[in-house]
Amino acid sequence: MTLADAEAFAVAQGWPRFRGEQVWRWVHDKGARDFDEMSNLSRETRAALAERSHIGTLTIAEVQTSRDGTRKLRLLTRDGQSIESVIIPEIDGDKTTQCISSQVGCAVDCQFCATAKLGLLRNLDAGEIVDQVYLARRLLAEVDPGRRLTNLVYMGMGEPLHNYDNMIKSLRILTHDKGAGMSQRRITVSTSGLVPKLEKLGLEDVRPNLAVSLNAPNDEIRDEIMPINRKWNIGKLLDALRAYPLEQRRRITFEYVLLAGVNDSLRDAAQLAKLLRGLKCKVNIIPYNPHPEAPYQRPTPAAVDAFQDECKRLGLLTYLRKPRGDDIDAACGQLANRSNGEAIVPLRIRKAPAAPPPVE
């Protein structure tokens, strides 16, 4: 629930409106997961809440820890689906980023991505998106008390703009100053390029950072590795991005997964630099993270360096994203609900079983 939802819920129970804000702040500001923790509510109110609602929608089924400190959480939904979220601590700093999922599986079918092989089972609701963050916060408080989540990226399983309404609702909940109070400048939403939804996002009152999974310097290559390009090609995508309202000091991030022999040549680098010239942007170069569901290979370190050097020589601002958590299938493009290398068979349930209305 948003704060307004919680206030309306309170009124519907015959309580004063401010009671809704009290409950909402206990959940989203103080992190309560049990109504008995809400000490400024009467015993009768807490009992009524417990009868009519619940807090939290996910449970942690498994936590895997990488040699580099990255943690992958496998989370179970109320209808028995598995999703994954990743906590990535900065090795030499205080920054801690969580990569969160927006769907169970994905429908976009990028050829290099393990999640695509699951297909799309369903969207996550706003509570399921938000609860990934709260569970990660609680886990960090237990295993690494000196760390706190500083950044969020909607780059896990799924295409966030395919689940637009729940994504926006989750952003409003997470950034509300009476709740989790996360800064919009520390949240990034990544998309494969759904042009109509990009236009819609640009009009919202909540405005995260924007990342675009580009991965090719021309339509020929992008058609092959990202079928979505056949509907909204690079030209349409860049037109939408040029019209996208960017605040001062913000840039669009382009993600570019380097696939050996596919999009990693110096010619590709030159095409990319020319393609993005004039756009207020930066490029994250991501050496491909191998997984069993795709035939591609990671370029050699020398090829990666040569590609980045050519981009820089031609004036393109680039950063090299080093693999994190690839030993536990937690790196970019590897999320596919695998436990110790074994795939977890997804449940194809169209409708979740009935549950009490959530307070999250």
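Residues numbered from 1 in each chain as written. Predicted model: local features only at pLDDT ≥ 70, side-chain atom pairs only at ≥ 80, totals over all residues. Heavy atoms only, no water.

Digging into helix H1 (residues 3–12)
Our working rule: Burial status follows relative accessibility: with a 1.4 Å probe on protein chains alone, a residue under 20% of its type maximum counts as buried, one over 50% as exposed, and anything between as partly exposed. The numbering of helices and of strands both runs from the N terminus, where a helix is a DSSP run of H or I of at least 4 residues and a strand a run of E of at least 2. When we speak of the arc, we mean the arc of directions from the helix axis to the C-beta atoms. Note on definitions: a residue-residue contact is assigned when non-hydrogen atoms from the two residues lie within 4.5 Å.
Buried within H1 are the following residues: Leu 3, Ala 6, Glu 7, Phe 9 and Ala 10. Summarising the axial view, the buried residues of H1 lie within an arc of 160 degrees, below the 170-degree limit, and thus occupy one face. Away from its buried face by more than 90 degrees, H1 exposes Ala 4 and Ala 12. Next to the buried residues of H1 lie helix H2 (17–28) and helix H3 (43–52). Gly 14 sits one or two residues past H1 and shows a positive phi near 85 degrees.

A short note on the nonpolar core
How we decide: What we call a nonpolar core is a set of buried Ala, Val, Leu, Ile, Met, Phe, Trp, Tyr and Cys residues that are connected through their side-chain atoms within 4.5 Å.
Core analysis: the largest hydrophobic core is formed by 105 residues, its most contacted members being Met 38, Phe 112, Phe 254 and Leu 276. Broken down by element, this core gets its largest block of residues, eight residues, from helix H4 (residues 126–143). If we ignore the near neighbours within four places in the chain, the residues touching Leu 276 are Leu 214, Leu 238, Phe 254, Cys 281, Val 283 and Leu 316.

Remarks on the pattern of salt bridges
Defined as follows: Salt bridge criterion: a side-chain nitrogen from Lys or Arg within 4 Å of a carboxyl oxygen from Asp or Glu.
Throughout the structure, instances matching the rule amount to 21 salt bridges. In this structure, Arg 321 and Glu 255 form a salt bridge, with 3.7 Å as the shortest nitrogen-oxygen distance. Placement of the pair is Arg 321 in the loop between strand E12 (318–320) and strand E13 (338–339) and Glu 255 in strand E10 (residues 252–258), with a sequence separation of 66 residues. Residue Arg 321 is classed as partly exposed on the basis of its relative accessible area of 25%. With a relative accessible area of 6%, Glu 255 lands in the buried category.

Side note on the pairing of strand E9 (residues 209–213)
For clarity, the cut-off: What makes two strands pair is DSSP finding at least two bridges between them. Handedness is read with the strands pointing away from the viewer; a crossover is right-handed when the path from the first strand over the helix to the second is clockwise.
By the criterion of burial, E9 is predominantly enclosed, with five of the five residues buried. What you see with E9 is no split at all: Asn 209, Ala 211 and Ser 213 on one side and Leu 210 and Val 212 on the other are buried throughout. Here four bridges tie strand E8 (residues 187–191) to E9, and the two strands are oriented parallel to one another. Counterpart to Val 189 in the pairing with E9 is Leu 210. Following the backbone out of E8, through helix H6 (residues 195–201) and into the adjacent parallel E9, one traces a crossover that is right-handed. As paired elements, E9 and E10 share three bridges and run parallel to each other. Residue Ala 211 lies in a different strand from E10, and its bridge partner there is Thr 253.

Topic: the confidence of the model for the chain
Heads up, the rule is: Here pLDDT means the predictor's own confidence in every residue, given as a number from 0 to 100.
Put simply, the chain has an average pLDDT of 92, and 94% of its residues get 70 or more. Considering only residues more than four positions removed or in separate chains, one finds that residues 345–360, a stretch of pLDDT under 50, has 40 contacts.

Examining the environment of Asn 233
We count it as follows: Counted as a polar contact is a pair of N or O atoms within 3.5 Å, where, for protein atoms, one must be capable of donating a hydrogen and the other of accepting one, and residues adjacent in sequence contribute only when both atoms are in side chains.
Position of Asn 233 relative to the elements: it lies in the loop between helix H7 (219–225) and helix H8 (234–242). The class for Asn 233 is partly exposed, based on a relative accessible area of 26%. Along the backbone, Asn 233 and Glu 220 are 13 residues apart, and their C-alpha atoms lie at a distance of 9.9 Å. Of note is the side chain of Asn 233, whose polar atom sits 3.2 Å from the backbone nitrogen of Gly 235.

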